[in-house]
Amino acid sequence: ARQIRFAKNMESVPRVFVPEVLAYNSNVIISKWVDGIPLRSIPSWDDRLKDAQALMRDAYCQSMYVDAFFHADGHGGNLLWVEKKNDDDGRSNSSTRASSGELCILDCGLMVDIEPSAAEGLL
């Protein structure tokens, strides 16, 4: 249920989300499928990557300094750029500008609880 906890925490960060957990037990987790582009596949000159970096900063600051529950496996394969579109989730934006996208954080298998004193030390 680490993913459920992290998803709830990320609800406070605009344009950042974690896939919904559909079912889980002690060995397996099933999440809603998310179509997106892994950040490692986006060229460095692309504005979507710059936008994603700003969202990553917001998400990681929220997780480290506010929630004290950190996603410790944030590589470019676990971070997706998702274009906003009309769908069942209520996410809607017909614009194709970089700012129309969202950051999806995958793979919550490596999560770390941060002691308040450790978070303060990171500042």
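This write-up is about the structure you can find in this document. This one's a predicted model, so the numbers in the text were calculated from it and none came from an experiment.

## Quick notes on the pattern of salt bridges
In this structure the tally under the stated criterion is 6 salt bridges. Lys50 is paired through a salt bridge with Asp47; the nearest N and O atoms lie 3.9 Å apart. On the criterion of helical spacing, the pair formed by Lys50 and Asp47 is a turn pair, its members being 3 residues apart in helix H2 (residues 47-67).

## Here's the deal with helix H1 (residues 2-10)
By the burial criterion, the buried members of H1 are Gln3, Phe6, Ala7, Asn9 and Met10. All buried residues of H1 fall inside an arc of 160° around its axis, so they share one side.

## Some points on the sheet that holds strand E6 (residues 79-83)
Overall, mixed pairing links the 4 strands, which are arranged E1-E7-E6-E4 in an open sheet. Because the sheet does not close on itself, it has two edges, and the strands there are strand E1 (16-17) and strand E4 (37-38). Where E1 lies against strand E7 (residues 101-105), 2 bridges are found, and the strand directions are parallel. Residue pairing across strands places Val16 opposite Leu103, the latter belonging to E7. Its contacts with the sheet put H2 on E1, E4, E6 and E7, and the angle it makes with E6 is roughly 120°.

## Re the packing of aromatic side chains
The way to describe two aromatic rings as a pair is by their centre distance and the angle between their planes. Within the structure shown, the criterion is met by 1 aromatic pair. Where Tyr60 meets Phe70, the ring centres are 5.5 Å apart and the plane angle is 70°; that geometry is what we call edge-to-face. With Tyr60 in helix H2 and Phe70 in strand E5 (residues 69-71), this residue pair connects regions lying 10 residues apart in the sequence. The exposure class of Tyr60 is buried, given its relative accessible area of 15%.

About the thresholds
Residues numbered from 1 in each chain as written. Predicted model: local features only at pLDDT ≥ 70, side-chain atom pairs only at ≥ 80, totals over all residues. Heavy atoms only, no water. Salt bridge = Lys/Arg side-chain N within 4 Å of Asp/Glu carboxyl O. Helix = DSSP H or I, 4+ residues; strand = E, 2+ residues; numbered from the N terminus. Buried < 20%, exposed > 50% of the residue type's maximum accessible area, 1.4 Å probe, protein only. Arc of directions from axis to C-beta. Pairing = 2+ DSSP bridges. Contact = heavy atoms within 4.5 Å. Axes fitted to C-alpha atoms, helices over the stretch in contact; angles between N-to-C directions. Phe/Tyr/Trp six-rings, centres within 6.5 Å; stacked < 30°, edge-to-face > 60°.

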